[in-house]
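Reading the structure
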Amino acid sequence: MPSTVRTTCNRDCPDACGIVAEVENGRILRIGGDPDHPVTRGFLCERTNRFLERQYDPDRVTTPLLRRNGGFVPVGWDEALDLAAERMLAFRAESGPASIFHYRSGGTLGVLKYACDYFFERFGPVTTKRGDICSGAGDAAQETDFGLEDSNDLFDLLNSRTIVLWGKNVFASSIHTLPVLREAKARGARLLFVDPVWNRTATLCDRILRPRPGGDFALAMGTARVLFEEERTDPEAPGYCDRFEAFRSLAFSRSVEEWAGRADVAPEELAGFAREYGEGPSAILVGWGMQRRANGSGTIRALDALGAISGNLGVPGGGVSFYFKRRGAFDTSFIGGLRAAPRSICEPLLGPEVLAAEDPPIRMVWVTAGNPVAMLPESETVARALETREFVVVVDSFLTDTARCADLFLPTTTMLEDDDLLGAYGHHYLANARPVVPPPPGVKTDLEILQALAPRVGLAEAMEGSARDWKKRFLRRAEAKGATLERLEEGPVLNPFVPKVLFEGRRFPTPSGRVNLIHHAPPEVDLPAPDYPLFLTSISTAKAQASQTTARFQDGPAEATVHPQAAPGLRDGDLARLETRAGSMTVRVLLDPRQRRDVVVVPKGGWRSAGRCANSLIRARTTDGGEGAAYYDEHARLVPLR
Ligand SMILES: Nc1nc2c(c(=O)[nH]1)N[C@H]1C(S)=C(S)[C@@H](COP(=O)(O)OP(=O)(O)OC[C@H]3O[C@@H](n4cnc5c(=O)[nH]c(N)nc54)[C@H](O)[C@@H]3O)O[C@H]1N2
Ligand SMILES: Nc1nc2c(c(=O)[nH]1)N[C@H]1C(S)=C(S)[C@@H](COP(=O)(O)OP(=O)(O)OC[C@H]3O[C@@H](n4cnc5c(=O)[nH]c(N)nc54)[C@H](O)[C@@H]3O)O[C@H]1N2
Ligand code: SF4
Ligand SMILES: [Mo]
């Protein structure tokens, strides 16, 4: 008889779903969504429904690998860890701990991965990353404007009259928001969608605006101007907003027609959108895509301002929701992070900055839960930066593009073998993850790897404790509020620190206690010129979690979707070269007349080893705030392959 085991999905996704697994004789037969989890509601997404293909992929690596004579050879754990310890101790003694760089990314969002940061902090502190390729620009915007970044309860959307999905493709990236949106719609809410790319989310919405990529700041300013002109703003807003008049002047610095022209939407469309937004309560669900631009932070600040002046902050059904504070319930105060680090590397500029680092140079890199070669801009530079270090350790389950640059590869568990705690960035439930099956013999969790390394570098005591002990440590504050580990082991628990409505009473944790309104325009996004006429838009695909797929899905050229008139001389299904000023790759062209003529859409997460990596074509550039990556500002062209 199969047994049932419950765990939590740890992938970099807003939803942190409850998973129910059926296990027989140590093998997982099936996984599905937990029907008792209020957000998961019994279903998983396409990519995780297929997770068992990855779990049982013959390409999975289950022994440590050491580079010898250019190739990898399997070695035992003792040899691997002795070598890692010897190198770490030597670099620290010779060049100081800043010569070692620990890079951790979003392969899993489990909070126990902070134990890896803790290890390297206690060993060093070593060089760490700063900025954030994923959400850095938006995080900085919301912290500047509101003093903190969080959201109303997910189900508060049922109180909204209007919901704007602003650059957010819920079908691909936040699928468990869908049932809530559908319910809100059934109760009479109106859904507005703003995205330069046509995608399935459009089918859900009542009004669709397809602005020019990066045109959202102008769209928001035009919207603000309409709200002011038609007296649809909250009369109390000047009382809880700083720089109200300066913001108003910014909105009035151009006519509605000019703002609409800059956003490339018809003025009457913009005005209609503004009026509908003005009929609140209105919630803006802010996508992550549009802040990956030169004006990304300023754009999110403009949306924050719309929420503020229209009276949609601190009320049910309102909000400008970019992120749910997923780590907020956990106590990570014993880790200093960036404050403790002797040096930091700006994440979007990782390749160039690692190459340029001096005093001391970076001699060693340890990669935890990341695939920076495939996922950071300028893949070739990132690969070169790693290949030219003296010692690179990659902890993963697969020989990723990054692992191929390693000197030492250490095999780790998958999410169905790991033991952890999760918060979510799309709702406020906390949940427990537990091993559904034991890992293949010899494979260790990140915690076990560092616990095995610890006595070799004098950190045995600092790292001791079972996964459960570490969970207790991270739950110290939450347990006092009733979110105990024992309860979490039974099922998801609502974060006890968050109210249903954020900023109730319109008090904001900024220095003045008021909203800090944006009052100057961010930099302009460069528009494509005739030689490279398309915005290269490499965005999430429902099929994969970033680069986490199987080789089967990386077979053949990547698909590039464009408007027929954006691909002169090309027919649907043709092969072409997709070229930017930074690089090129072969793609299969898909023609789609619903797209704008200035975008080409390719999936994010393509493997460099399969010739499908968009980041080989994208230069490393930061956003206007928060040191995010301006992934989508690269311009491209399609050249027929004959
Ligand atoms: N299936 C799947 N789901 C995922 C992931 C995945 O790889 N695959 N990745 C996860 C990760 S890492 C994250 S951070 C989250 C969020 O993942 P994201 O993929 O960032 O999710 P979205 O918020 O949908 O943002 C993408 C949307 O932004 C739009 N966009 C791009 N530029 C602009 C612009 O200038 N203006 C406007 N208005 N829109 C623009 C794109 O067309 C796209 O529809 O989701 C996660 N979910
Ligand atoms: N062109 C372009 N590039 C992008 C984006 C884009 O939209 N366009 N989106 C960006 C965004 S939003 C993000 S968040 C990043 C994501 O970038 P990454 O977080 O680097 O992406 P993943 O492909 O998920 O790689 C994580 C790796 O962690 C491994 N892993 C999984 N679980 C564990 C574990 O428990 N321990 C260890 N040690 N490893 C584990 C996986 O096998 C995988 O190889 O990519 C960014 N890159
Ligand atoms: S990836 Fe996201 S939607 Fe898919 S199962 Fe995991 S948490 Fe749920
Ligand atoms: Mo992300």
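Since the structure is predicted, the reported quantities are computational estimates derived from the model, not experimental observations. (Residues numbered from 1 in each chain as written. Chains lettered and ligands numbered in written order. Predicted model: local features only at pLDDT ≥ 70, side-chain atom pairs only at ≥ 80, totals over all residues. Heavy atoms only, no water.)

Attention now goes to the pattern of salt bridges. For the structure on display, the rule yields 44 salt bridges. The partner of K500 in a salt bridge is D153, with the nearest N and O atoms 3.8 Å apart. Of this pair, K500 sits in the loop between β20 (493-494) and β21 (515-516) while D153 sits in the loop between α5 (136-146) and β8 (162-166); the two residues are 347 residues apart in sequence, bridging distant segments of the chain. What makes D153 buried here is its relative accessible area of 11%. (Salt bridge = Lys/Arg side-chain N within 4 Å of Asp/Glu carboxyl O. Helix = DSSP H or I, 4+ residues; strand = E, 2+ residues; numbered from the N terminus. Buried < 20%, exposed > 50% of the residue type's maximum accessible area, 1.4 Å probe, protein only.)

With that settled, consider empty space enclosed by the protein. Applying the stated criterion across every chain, the model contains four cavities of 30 Å³ or more. Taken together, 31 residues make up the lining of the largest cavity; nearest its centre are S151, N152, L285, S321 and F324. Elements supplying a minimum of two residues to the lining of the largest cavity: α5, β12 (282-286) and β13 (320-321). (1 Å grid on protein atoms, 1.4 Å probe; cavity = no way out; pocket = protein on both sides within 12 Å on 5 of 7 lines; lining within 4 Å. Points joined across faces, edges and corners; volume = space filled by probe spheres on them.)

For the rest of this paragraph, the subject is the site of ligand 2. M375, D396, D446, S547 and Y632 are the nearest of the 29 residues found near ligand 2. In this structure, R54 approaches ligand 2 through a side-chain N or O atom, which is 2.8 Å from an oxygen atom. Between ligand 2 and the protein, one listed contact pairs an oxygen atom with a backbone N or O atom of N371 at 2.8 Å. When its residues are assigned to classes, the shell around ligand 2 shows nine nonpolar, 12 polar and eight charged. Built from parts of two domains, the shell around ligand 2 gets at least three residues from each of domain 2 (65-133 + 348-418 + 429-494) and domain 4 (534-640). (Near = heavy atom within 4 Å. Polar contact = N/O pair within 3.5 Å; in protein donor to acceptor, adjacent residues only side chain to side chain. Nonpolar A, V, L, I, M, F, W, Y, C, P; charged D, E, K, R; others polar. Domains from an automatic or database assignment.)

Turning our attention to the packing of aromatic side chains. Scanning the model with the defined rule gives 21 aromatic pairs in all. Consider the rings of W288 and F322, whose centres lie 6.1 Å apart with planes at 45 degrees: the pair is tilted. Taken as a pair, W288 in the loop between β12 and α13 (296-309) and F322 in the loop between β13 and β14 (344-346) lie far apart in primary sequence, 34 residues in all. Here W288 falls in the buried class, since its relative accessible area comes to 10%. For the ring pair W470 and F474, a centre distance of 6.4 Å and an interplane angle of 35 degrees mean the geometry is tilted. Remark: F474 and W470 occur in helix α19 (residues 467-474); sequence separation between them is four residues, near one turn of the helix. Joined through ring pairs, the aromatic side chains of Y114, Y118, F334, W470 and F474 make up one cluster. One cation-aromatic arrangement involves R27 over Y56; the distance from NZ or CZ to the ring centre is 3.8 Å. Sitting over the face of the ring of W470, R473 holds its NZ or CZ atom 4.8 Å from the ring centroid. (Phe/Tyr/Trp six-rings, centres within 6.5 Å; stacked < 30°, edge-to-face > 60°. Lys NZ or Arg CZ within 6 Å of the ring centre and 35° of its normal.)

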